[in-house]
Amino acid sequence: MQLFTSKFRFFLFVSTLLAGAVFNAYAALPVPPAPQIEAKAWLLIDFDSGKVLAEKSPDSKIEPASLTKLMTAYLAFSALKEGTLKLEQTLPVSEKAWRAEGSRMFLDPKNPAKVDDLLKGVIVQSGNDACIVLAEAIAGSEEGFVSMMNAMAKKLGMKNTHFLNSTGLPHPQHLTTARDLSRLASALIRDFPEFYKIYSMKEFAFNGITQPNRNRLLFIDPSVDGFKTGHTDSAGYCLIASAKREQRRLLSVVLGAKSDVARAMESQRLLNFGFQFFETVKLYPANQSVSTLRLYKGTQSEIKTGFPRDLHVTVPRGTGKRIQVQMISQQPLLAPIKRGQQLGTLRLTVDGAPAGDYPLLALESVPVAGILGRGWDNILLMFK
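All of the points below concern the structure found in this document. (Residues numbered from 1 in each chain as written. Predicted model: local features only at pLDDT ≥ 70, side-chain atom pairs only at ≥ 80, totals over all residues. Heavy atoms only, no water.)

### Some words on the overall build of the protein chain
Here is step 1 of the chain: Assigned secondary structure in the protein chain consists of ten helices and 18 strands.
Here is step 2 of the chain: By residue count, 50% of the 384 residues in the protein chain fall in the buried class.
Here is step 3 of the chain: For the protein chain, long-range pairs separated by at least 24 residues make up 67% of all intrachain contacts whose partners lie at least 6 apart in sequence. (Helix = DSSP H or I, 4+ residues; strand = E, 2+ residues; numbered from the N terminus. Buried < 20%, exposed > 50% of the residue type's maximum accessible area, 1.4 Å probe, protein only. Contact = heavy atoms within 4.5 Å.)

So this is what it looks like as structure tokens:
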């Protein structure tokens, strides 16, 4: 939003939340410092609000190991959605895929594999061979697929990520960050909920070989339903975990832990911290008018504002009832206005403390009025 000047007045609107909204009845709990995790970097976010609840070095560039496969799966899901791949389609196994190093689903170059099985091989078994088969089918070569991976990373806002392969095998320039991985994980859940359930599978059998999911939390915490592990000697032990308790979902990213057990236990500590000491409140549904503002020189004299997605806010547990809402808009507002244009700011406070600013967007487009309409509004503005 542009900076306000002395030429503009401000429209200030303060209100409490709707009486019918659902709030947590717990008394407010003091929020202790986030647990100190034994890892190179970590991040804990609320999925709905995007609020960061705990972090250490979230923007440090680190090898992602097999967490890379989240992007491989994302592009495969995109191909399925676009119809360029089919779940029952069989794909040839190239020699490159068959000879892939590291974890494998043990593909046979003599036997084509179904896309459905390959996806489970990537997600549950962390098969590098499956990644390469999918990459070659989608882009013609793994190198071409890597270009698609980096283009999608840019589109998703993964500003500090650079991929060099589809598998996560080590390379000094194959890097990402905890924050970028949280963006990717969130996008995967949001964009492909029909495929996300694969990440909760505890094992998968292929070619007579059953392999367990390496995500230990699937076996010890019933609220955990994903995501992905990764490990190389240089990257250490990594885990993105996703858990849903009641209506809240949290995502934790732990990079560079010292052992398989450590990455699971440290992720569990982060998730428990987030669920215990915070709550998430849905303030406004998507595309609902939050405020109607006066508009000049347009084909209509008012314009509705709100949010294109449900607006969720995460606050310390027990304080949801005390959220105060202040709406600030620039005045006078002049047409033309485009849908999605920022017209103001929704400022939230809890007990007087800042709780976040959110852009208030136009829910409709309004063109400029004709000469008579503009002339009349010019007269009105002379008296403002």
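### Side note on the pattern of salt bridges
Opposite charge on two side chains lets them pair, provided their charged atoms get close.
Here is step 1 of the chain: Applying the stated criterion across every chain yields a total of 18 salt bridges.
Here is step 2 of the chain: Between Arg 263 and Asp 260 there is a salt bridge whose closest N-O contact spans 3.3 Å. With a gap of three residues between them, Arg 263 and Asp 260 both fall in helix H9 (residues 260-277), about one helical turn apart.
Here is step 3 of the chain: Using a relative accessible area of 4% as the deciding quantity, one classes Arg 263 as buried. (Salt bridge = Lys/Arg side-chain N within 4 Å of Asp/Glu carboxyl O.)

### Some thoughts on the side chain of Glu 142
Here is step 1 of the chain: The residue Glu 142 is located in helix H5 (residues 142-155) in this model.
Here is step 2 of the chain: Using a relative accessible area of 8% as the deciding quantity, one classes Glu 142 as buried.
Here is step 3 of the chain: Only 2.8 Å separates the side chain of Glu 142 from the side chain of Ser 166, close enough to count as a polar contact.
Here is step 4 of the chain: The contact partners of Glu 142, leaving out residues within four places of it in the chain, are Lys 96, Ile 132, Ala 135, Glu 136, Asn 165, Ser 166 and Thr 167. (Polar contact = N/O pair within 3.5 Å; in protein donor to acceptor, adjacent residues only side chain to side chain.)

### A closer look at the nonpolar core
Here is step 1 of the chain: Counting 64 residues, the largest nonpolar core has Met 71, Tyr 74, Phe 77, Leu 118, Leu 134, Tyr 199 and Phe 227 as the members making the most contacts within it.
Here is step 2 of the chain: Top contributing element to this core by residue count: helix H1 (residues 69-82), with nine residues.
Here is step 3 of the chain: Among all residues touching Phe 227, those that are not within four sequence positions of it are Leu 70, Ala 185, Leu 188, Ile 189, Tyr 196, Tyr 199, Asn 215, Ile 240, Ala 241, Ser 242 and Leu 251. (Core = buried A, V, L, I, M, F, W, Y, C linked by side-chain atoms within 4.5 Å.)

### Here we look at the sheet that holds strand S9 (residues 236-245)
Here is step 1 of the chain: Strand order in the open sheet formed by five strands is S3-S2-S10-S9-S8, with antiparallel pairing between adjacent strands. Whereas interior strands pair on both sides, the edge strands pair on one side only; in this sheet they are strand S3 (52-56) and strand S8 (224-232). Averaged over all neighbouring strand pairs, the angle between strand axes comes to 5°, with direction disregarded.
Here is step 2 of the chain: Looking at chain direction, strand S2 (residues 41-46) and strand S10 (residues 248-257) are connected through six bridges and run antiparallel. Pairing of Asp 46 across the sheet is with Leu 250, part of S10.
Here is step 3 of the chain: Contacts from H9 reach S2, S3, S8, S9 and S10 within the one sheet, and its direction differs from that of S9 by about 35°. (Pairing = 2+ DSSP bridges. Axes fitted to C-alpha atoms, helices over the stretch in contact; angles between N-to-C directions.)

### Looking at H1
Here is step 1 of the chain: A rise of 1.5 Å per residue sets the reference length of H1, with its 14 residues, at 20 Å; its end C-alpha atoms lie 20 Å apart and thus fit the reference within 8%.
Here is step 2 of the chain: Taken as a whole, H1 has its buried residues at Lys 69, Leu 70, Met 71, Thr 72, Ala 73, Tyr 74, Leu 75, Ala 76, Phe 77, Ser 78, Ala 79 and Leu 80. (Expected span 1.5 Å × (residues − 1).)

### A word on unusual backbone geometry
Here is step 1 of the chain: In this chain, Gly 226 is followed by Phe 227 through a cis amide linkage whose omega measures 25°.
Here is step 2 of the chain: One can find Phe 227 in strand S8.
Here is step 3 of the chain: Omega for the peptide link from Ala 335 to Pro 336 comes to 10°, which places this bond in the cis form.
Here is step 4 of the chain: Along the polypeptide, Pro 336 turns up in the loop between strand S16 (333-334) and strand S17 (342-350).
Here is step 5 of the chain: In the Ramachandran plot, Ser 57 falls in the positive-phi region, its phi being about 50° despite a non-glycine side chain.
Here is step 6 of the chain: Take Ser 57: it is sitting in the loop between S3 and H1.

This is a description of form; function is not addressed.
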